[in-house]
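# Understanding the architecture of this molecule
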Amino acid sequence: MILLANILLALAKIVELASGLLTIYKYILIASVIISWINADPYNPIVSFIYRVTEPPLRRIRRYMPNTGMLDLSPLVLFALIYLVQIIVFDTAYTYLMIFSNQLKGGGAL
């Protein structure tokens, strides 16, 4: 039972890491929005990295959104989707994995 509890604890830590990576991605997404406002040099390696990381999901979202002219709402939609995934999937999975791991180790609920 201790082995299974430790496996569940490790899975909880992996879920926590994935949630942290999504938080970092949200900051990169905010940087992408700010860069689009100031027209930064596209040949700058940092700007290039930010565009390469954020443009593919934003392009997919723009495909399904109505044309709003100069106002691009796709970063807002992506930010909301990431936030929902973090709360609904990752936080729920982390909580249940921690509870089950703690119960298997002989402790009570969190």
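These numbers come from a predicted model, not from an experiment.

### Topic: the overall build of the protein chain
Broken down by element type, the protein chain carries three helices and zero strands. Its C-alpha atoms give the protein chain a radius of gyration of 19 Å, more than 25% over the compact-globule value 13 Å for 110 residues. The principal-axis extents of the C-alpha atoms in the protein chain amount to approximately 60 × 30 × 20 Å. Looking at the 110 residues of the protein chain, the share that counts as buried comes to 25%. Restricting the contact set of the protein chain to residue pairs at least 6 apart, pairs at least 24 apart contribute 60%. Looking at the protein chain as shown, the accessible area adds up to about 7,700 Å², and 72% of this sits on carbon and sulfur atoms.

### Re the pattern of salt bridges
Inspection of every chain in the model, using the stated rule, returns three salt bridges. As a salt-bridge pair, Asp72 and Arg62 come within 3.0 Å of each other at their nearest N and O atoms. Here Arg62 lies in helix α2 (residues 45–64) and Asp72 lies in the loop between α2 and α3 (74–104), a separation of 10 residues in the sequence. Here the residues in one salt-bridge network are Glu55, Arg62 and Asp72, joined through shared partners.

### Some words on helix α1 (residues 2–38)
An ideal rise of 1.5 Å per residue puts 54 Å on 37 residues; α1 measures up with 54 Å between its terminal C-alpha atoms. Where the residues of α1 are buried, they touch α2 and α3. Directly beyond the C-terminal end of α1, a positive phi value near 50° is found at Asn39.

### Some points on unusual backbone geometry
Not every positive phi belongs to a glycine, and Asn39 is a case in point at roughly 50°. Along the chain, Asn39 falls in the loop between α1 and α2. When its relative accessible area of 67% is taken as the criterion, Asn39 is described as exposed.

Reading guide: rules and limits
- As a convention, each chain's residues are numbered from 1 in the sequence order in which they are written.
- In view of the model being predicted, local features appear only for residues whose pLDDT reaches at least 70, and side-chain atom pairs are presented and counted only at 80 or more, with totals across whole chains, interfaces and linings using the full set of residues.
- Each side-chain value is worked out from all heavy atoms of the structure, with water and hydrogens disregarded.
- For helices the rule is a DSSP run of H or I covering at least 4 residues; for strands it is a run of E covering at least 2, with both sets numbered from the N terminus onward.
- Here the globule rule is a power law, 2.2 Å times the number of residues to the power 0.38, and the radius of gyration is based on C-alpha atoms.
- Residue exposure (1.4 Å probe, protein chains only): buried if accessible area is under 20% of the type maximum, exposed if over 50%, otherwise partly exposed.
- Contact criterion: two residues are considered in contact whenever any of their non-hydrogen atoms come within 4.5 Å of each other.
- In this description, accessible areas are obtained by the Shrake-Rupley approach with a 1.4 Å probe, and a residue is regarded as covered only by the protein chains that are shown.
- When a carboxyl oxygen of Asp or Glu lies within 4 Å of a side-chain nitrogen of Lys or Arg, that pair is called a salt bridge.
- Helix span, as expected, comes to 1.5 Å for every residue beyond the first.

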